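Structural overview
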Amino acid sequence: MQLSNCRGLYFLLAIVLVTRTSYGAEPDARLVKALRDLLPALRTTVQAAEPVATANMIPKDISLRLKAANLKSTADWKQLQSREAWERYRDEKLQALRNSLHLPPDLKTPPVVQVTASLPGDGFTIDNIVFESRPGLLVTANLYRPAKAGTKMPGILICHSHHNPKTESELQTMGMTWARAGCVVIVMDQLGHGERRQHPFRTAADYPTSFRVSRQDYFYRYHVALQLALAGETLMGWMAWDLHCSVDVLLAQPGIDPQRIILLGAVAGGGDPAAVAGALDPRIAAVVPFNFGGPQPESRHPLPDDVEETFGYAGGGSWESTRNLVQSAGEGFLPWVIVGGIAPRHLIYAHEFSWDRERDPVWKRLNQIYEWERAPANVAFTLGRGSVRGQAPESTHCNNIGATHRKLIHAAWRQWFNIDIADDEEYRHPVSSDKLQALTPDVREQRHPKLAREVALQAALQRAGQFGMELQAQAPAQRIKLLRDPWSRKLGNVEPARDKCVLMAQPAAKVSGEITVVPATLQTEEPGIVVPLLLMLPAKSGPAPVVIGISQQGKDRFLKENAEPIAELLARGIAVCLPDVRGTGETALEDHGRDRTSDATAYSATEQMLGGTILGARLRDMRNVVKCLRSDSRFDGKKLALWGDSFAPANPPELELAIPEGIDKSPASIEPLGGLLSVLTALYEDDIKAVAIHHGLSSYASVLAGPRTYLPQEMLIPDAIGQGDISTLLAGIAPTPLRMWQLRNGMNQAVADESLPMLYADVVKTYAGTNASRQFQLGRQTEEGLAAWFVAQFEKPMPPAK
């Protein structure tokens, strides 16, 4: 370990406890009290001596990397000088997009459409239809068709906004108007909206206190997206696939012109999946994606003069996953590339409000792309006026696509597709929404529609079962290798620093005593990323075994809550290290929220855009800590154990957990970081002597037990369930001694210790197969028993594998 003097920037302060102990003795109350009394002094010392803005560490790191992704995309663009170069670049990026969405293979036959009701109108008929886009997953839609069917009819598909489902009046106006003009139009409910909502809060009567009824479909996108991600899917992928299947339905209609399939994506979340589906589906002849690809309603207007170099092409992360596509910034399929990928097919670049056409760098790129494709007449635009902060009528707010926006759409379609509609010919006579419901009681009884989380979980468990059988047949060494590669792909970069670790420090004070507590800061290879930690050294001379304790709440809380077992470990000659990996303890964000709208969620989503995960980054931090301890002569690098804990309160079993989004008080989230990092570190680091997990997550599958999730977004591991879930990780570290107790399920409710042997039956079987049945212990343990258990693991060799 390298020690450096950096006065005023990094520190190492030795605080020595004068309480006398002897190796092997039980700690007395004075030692426990001395440890707890350290906390105020340590926090004061840290605040006074450490000038690094640790609370800003994650935001600054992510911001710099996102900026680098934007600059790389611009540099890539400047290198493109021909149609051939652009198309190679486009194909590479769109394939990366397709891979990230996990789209299923194309259907061999179109979905079977069931018409549940028909409503005749003035020159048109509305069919309420249902069809499956995945086994058990129904799509509900309204199909508008001319009263008299023609030949070579254009087919139009409209993807609605997050404001309202398929029955909204602007959607009806478009469906009726275009059907009267000889088109067939499908307006479907997006997944999670309208008849496809994934929560029970349809009306104000569905919950005893007031809540925003009209926003629940939108807000619950967050929970649907997280649950799908755990099952190896993406919400954007499912939305785009629903649109793909809707194109199949359109093409199967009698008299449809396959050369005139048009897709519109409304403002406020309709343009995102429309752009993605349009770029990936060559059957679509024209795409109208609102508010996607370039400046957003929230963007500065007018744009700055240097916008070409400074524009945020990648966007930024938030709870709404369709706005921040996983791996988009890391792999380079930024929104402008997706929209450009529609060329040479027809494109209307659509903006809800005023648009700085002269400065928009994406508009310039799109025009260049269409020039290269020799199709400059195939790109047009539409726009509104005012801003998102203004009021109507000066600002053209709309629910989906307003009358102002439709004027230029009509003009383009008149030229491109011979769909001739004058502004005063729009048919604006909406019917009541109850007449447009496709999922009647009889259809529900007949079809038994499944929720998205049920469909995704079933598929993920099937993959997990196959993967589990492969693992069971492997010896321990092969089993770990088989696990490390796929979990690394899910977590992102998990590799520790290549060079020696650096512990930046000031000289320690010389004070007599036997138990030493050392605050320190570990500097990583990543610029601006540090790991504050506490090193607690026993009186015993020579290299000491060491237990690393980790929790979401950080080292101070860990020491406060576990002072007794920590004191006992020190008394028995075992060192303790408590690190604050990024985003925990000292490095926690200033916004301590953990829910949908929190900063933690936004930064976690951005990290996924960049191709990683916050959990994977924290695993890098933990592995750097392990590397540092193993290179330090004060510690026995072959005797290292891990202890993961959580201090978040559990939700009581009687508490109602299916609640609306946005109400004042919500149940507590589970905080399983300590347990997850402990088992993951043991998976990737050889020769870990023991792992203890308290209040850990029992399984990722349990997060899908209800409509609402209580797992922070940054604890997400994509496709964790399909990779075998936590039980596979536990089996992977066998025969490492493992103790788990007082676990929590995905609803942050206590899991009875008595149920754990059945829950982890495969893990029990794996340990038995390595002659280590006694090394896997489940159930409640006393704090004193935990310290003694660690001591016992350090004193005996690892059991031999079978």
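As shown above, the structure is provided for reference.
Residues numbered from 1 in each chain as written. Predicted model: local features only at pLDDT ≥ 70, side-chain atom pairs only at ≥ 80, totals over all residues. Heavy atoms only, no water.

**Some points on the environment of Asp-356**
Looking at the secondary structure, you find Asp-356 in the loop between β10 (346–350) and α12 (361–372). The class for Asp-356 is buried, based on a relative accessible area of 9%. C-alpha of Asp-356 to C-alpha of Pro-295: the two residues are 61 residues apart in sequence and 8.6 Å apart in space. Among the polar contacts made by the side chain of Asp-356, one reaches the main-chain amide nitrogen of Leu-303 at a distance of 2.9 Å. (Helix = DSSP H or I, 4+ residues; strand = E, 2+ residues; numbered from the N terminus. Buried < 20%, exposed > 50% of the residue type's maximum accessible area, 1.4 Å probe, protein only. Polar contact = N/O pair within 3.5 Å; in protein donor to acceptor, adjacent residues only side chain to side chain.)

**Brief notes about the nonpolar core**
In this structure, Leu-615 and Tyr-700 are the most contacted members of the largest nonpolar core, which totals 91 residues. The residues contacting Leu-615, other than those within four sequence positions of it, are Leu-491, Leu-673, Leu-676, Leu-677, Leu-680, Tyr-700, Glu-714, Met-715 and Ile-717. Formed by 75 residues, the second largest nonpolar core is a distinct cluster that contains Leu-97, Leu-143, Ala-240 and Ile-261. (Core = buried A, V, L, I, M, F, W, Y, C linked by side-chain atoms within 4.5 Å. Contact = heavy atoms within 4.5 Å.)

**Quick word on unusual backbone geometry**
Apart from glycine, the bulk of residues carry a negative phi angle, and the bulk of peptide bonds sit in the trans form. Note the cis peptide between Ala-343 and Pro-344, where omega equals 10°. In this fold, Pro-344 is placed in the loop between α11 (335–340) and β10. Across the junction of Ala-392 and Pro-393, the peptide omega takes the value 5°, indicating a cis bond. Phi is positive for Ala-268, which is not a glycine, with a value near 55°. Following the sequence through the fold, Ala-268 ends up in the loop between β8 (256–265) and α8 (271–280). Non-glycine residue Asp-719 carries a positive phi angle of around 60°. For Asp-719, the position within the fold is in the loop between β18 (688–694) and α22 (725–732). Under the relative-accessibility criterion, Asp-719 is labelled buried at 7%.

**Things to note about the state of the cysteines**
Summed over the entire model, instances satisfying the criterion amount to zero disulfides. Just so you know, Cys-159 is unpaired, no disulfide at all, and the nearest cysteine sulfur is the one on Cys-245, 14 Å from it. A relative accessible area of 1% places Cys-159 in the buried class. Judged by its relative accessible area of 0%, Cys-245 is buried. (Disulfide = S-S within 2.5 Å.)

**What about the pairing of strand β4 (residues 124–134)?**
Counting buried residues in β4 gives 10 out of 11 residues, a clear majority hidden from the surface. Across six bridges, the pairing between strand β3 (residues 114–120) and β4 is antiparallel. Bridged to Ser-118 within β4 is Asp-127. Linking β3 back to β4 in an antiparallel pair, the connection comprises three residues, with Gly-123 at a positive phi of about 90°. Here β4 runs beside strand β5 (residues 137–146); their pairing, made up of 10 bridges, is antiparallel. (Pairing = 2+ DSSP bridges.)

**Re the packing of aromatic side chains**
The full count for this structure, using the stated rule, is 25 aromatic pairs. Seen from their ring centres, Trp-86 and Tyr-89 are 6.3 Å apart, and the 40° between their planes marks the pair as tilted. With a gap of three residues between them, Trp-86 and Tyr-89 both fall in helix α3 (residues 83–101), about one helical turn apart. Residue Trp-86 is classed as buried on the basis of its relative accessible area of 0%. Among the aromatic side chains, those forming a connected cluster through ring pairs are Trp-77, Trp-86, Tyr-89, Trp-336 and Trp-372. The ring of Trp-238 carries Arg-134 above its face, with NZ or CZ at 4.1 Å from the centroid. (Phe/Tyr/Trp six-rings, centres within 6.5 Å; stacked < 30°, edge-to-face > 60°. Lys NZ or Arg CZ within 6 Å of the ring centre and 35° of its normal.)

This is a description of form; function is not addressed.
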